[in-house]
Amino acid sequence: RAIQSIPRKSSPGASDPLVTLTMDESYPLKITFREMRESGAREIPIYCRDYRCGHHVETNADGWADDVRLSDIGPRFVCERCGQRSAEVRPNFEPAKMGDNPG
């Protein structure tokens, strides 16, 4: 794996020091895992935040609680290749099907 997760709890709580990280403009609030699953996505690609590195992995999202936002877990990752802390986490939606509309 190119990116390693910092240990996480099944549902973040007040005692989890990583939950108290401040968010800035580079970390926009994203959808929750519940919203992502309801949209049909189950996998999340996790990209290194360093544009010069560009490494990524894809993992199943079922391990995170429904109320956790994708933007909440980005700061918890460290790239194993370059050491950059933080990652870009996105839902992996199925591509749109073209030409299926008979209208």
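Everything here concerns the structure above.
About the thresholds
- Residues numbered from 1 in each chain as written.
- Predicted model: local features only at pLDDT ≥ 70, side-chain atom pairs only at ≥ 80, totals over all residues.
- Heavy atoms only, no water.
- Helix = DSSP H or I, 4+ residues; strand = E, 2+ residues; numbered from the N terminus.
- Buried < 20%, exposed > 50% of the residue type's maximum accessible area, 1.4 Å probe, protein only.
- Polar contact = N/O pair within 3.5 Å; in protein donor to acceptor, adjacent residues only side chain to side chain.
- Contact = heavy atoms within 4.5 Å.
- Pairing = 2+ DSSP bridges.
- Axes fitted to C-alpha atoms, helices over the stretch in contact; angles between N-to-C directions.
- Phe/Tyr/Trp six-rings, centres within 6.5 Å; stacked < 30°, edge-to-face > 60°.
- Lys NZ or Arg CZ within 6 Å of the ring centre and 35° of its normal.

Caption draft 1: Layout of the side chain of arginine 37. With respect to the secondary-structure elements, arginine 37 resides in helix α1 (residues 33–38). Arginine 37 sits in the buried class, given a relative accessible area of 16%. A distance of 2.5 Å separates polar atoms of two side chains, one belonging to arginine 37 and the other to aspartate 66. Apart from residues no more than four positions distant in its own chain, arginine 37 is found in contact with Arg42, Ala61, Asp62, Trp64, Ala65 and Asp66.

Caption draft 2: Region of interest: the sheet that holds strand β2 (residues 43–48). Strands sit in the order β3-β2-β5 across an open sheet of three strands; the sheet is antiparallel. The open sheet is flanked by β3 (56–60) and β5 (87–89), the only strands paired with a single partner. On average, adjacent strands in this sheet sit at an angle of 25° to one another, irrespective of strand direction. Examined bridge by bridge, β2 and β5 share three bridges and lie antiparallel to one another. Its bridge partner being in β5, isoleucine 46 is matched across the sheet by valine 89.

Caption draft 3: Structural view of unusual backbone geometry. Phi is positive for serine 86, which is not a glycine, with a value near 100°. One can find serine 86 in the loop between β4 (77–79) and β5. Serine 86 gets classed as buried once you look at its relative accessible area, which sits at 5%.

Caption draft 4: Representation of the packing of aromatic side chains. Scanning the model with the defined rule gives one aromatic pair in all. Measuring from ring centre to ring centre gives 5.4 Å for phenylalanine 33 and tryptophan 64, while their planes differ by 5°; the resulting arrangement is stacked. On the criterion of sequence distance, the pair formed by phenylalanine 33 in helix α1 and tryptophan 64 in the loop between β3 and α2 (70–73) is long-range, its members being 31 residues apart. For the pair phenylalanine 33 and tryptophan 64, one class covers both residues: buried. For arginine 52, the ring lying beneath its charged end belongs to tyrosine 51, and the centroid distance is 5.6 Å.

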